[in-house]
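Secondary and tertiary structure notes
Each chain, written out:
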Amino acid sequence: MSMLLIRGRFKVEGGPKPDGDTLPFIPDDVADWKLVPGGQVVPGADGRASIRLEGIDALETHYGQEPAPVDHQPRPLAHEAADELLKTLGFGTVLRDDDETLATVPDSVPGWILTRGADAYGRCVAFVGRGTPPVYSGYWTGVSERLLERTANHRLLERGLAYPAFYSGLPVYLRELLTEAAEKARASAAGVWAVDRTLQGFPVTGKKSITHDREGAVILPKLFRRLKDYLDFTGDPTPSADCFRAFLAGAADEYRLLPDTKRLYRGLHHIVEVTPDNIVRMTRSCREIVFTEK
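A short tour of the structure in this document, coming up. Not measured: the values here are computed from a predicted model.

Examining unusual backbone geometry
The omega torsion across valine 105 and proline 106 is -5 degrees, close enough to zero to call that bond cis. Relative to the helices and strands, proline 106 is located in the loop between strand 6 (102–105) and strand 7 (108–118). In this structure, proline 259 follows leucine 258 across a cis peptide bond, with omega equal to 5 degrees. Assignment of secondary structure puts proline 259 in the loop between strand 13 (254–257) and strand 14 (265–266).

Next comes the structure, spelled out in structure tokens:
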């Protein structure tokens, strides 16, 4: 499968707050945004739009929209992922304020993206790289293993600083290469894999059980987002997780499970368990889940 290459620069200051899997990008030719399949990317006045990194999911540094509070996963690993992304792309210094606003040196860096389209939120979903692109901007190119290894997406999985996160439009061979990188990191207990509790399970005693910087459980960000939304919905400081599976059923995430992808599942309740003593765990690894494109 070919992807559209766009050349430009990454510029963090003055735009949306980046994290380990999202950051702003400005094409050299702003009209190139119109080439992105789906036509949903609407740039700001300076040509900037958000890039959602293809194939990965990093710990949340800020998640939530008013009137709900903005929360985060344990920040040491979340910040390490965000910093690694920026440094991989060529930023030398990263300064972070308490509200997750960033300043960088240099102010911007040249780079490129490889995209197959935008998501439902208007973010361009892409692989991202630094320096000279492999083909001229605005053209489509195949993504080889060697080219994939040049991307920050691959780098974050290789370092264990992000979880694999696959959607149905991603070619199988790229999914397998990203899985291989993630599995090597997991086998060596790198990054999140040294402390991940997604499959082992973790007690839910309140929101701090998944947000506290030292004691919060490190879990798959997709599960974190759904659990955080559930805890906000209940409004109980010492909640029961008894209704969490019903909440997941209502969220109706669509996905298929590897290796047999024939059945379409609706709702993560099919692969999440909740015990009577408020232990939550997933029963399938993230590398086995292929979500349906929205």
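Focus: the sheet that holds strand 15 (residues 272–274)
On the basis of which strands lie adjacent, the open sheet formed by three strands has the order 12-16-15 and antiparallel pairing. Edge strands, defined here as strands with exactly one partner in the open sheet, are strand 12 (202–203) and strand 15. The sheet contact formed by strand 12 and strand 16 (residues 279–282) spans two bridges and is antiparallel. Among the inter-strand pairings, proline 203 is bridged to a residue of strand 16, identified as isoleucine 279. Strand contacts of helix 7 (residues 244–251): strand 15 and strand 16, with the helix running at about 155 degrees to strand 15, the strand carrying the most contacts.

Thresholds, definitions, all that
Residues numbered from 1 in each chain as written. Predicted model: local features only at pLDDT ≥ 70, side-chain atom pairs only at ≥ 80, totals over all residues. Heavy atoms only, no water. Helix = DSSP H or I, 4+ residues; strand = E, 2+ residues; numbered from the N terminus. Pairing = 2+ DSSP bridges. Contact = heavy atoms within 4.5 Å. Axes fitted to C-alpha atoms, helices over the stretch in contact; angles between N-to-C directions.

Interpretation note: all reported values are geometric properties and have no functional meaning in isolation.
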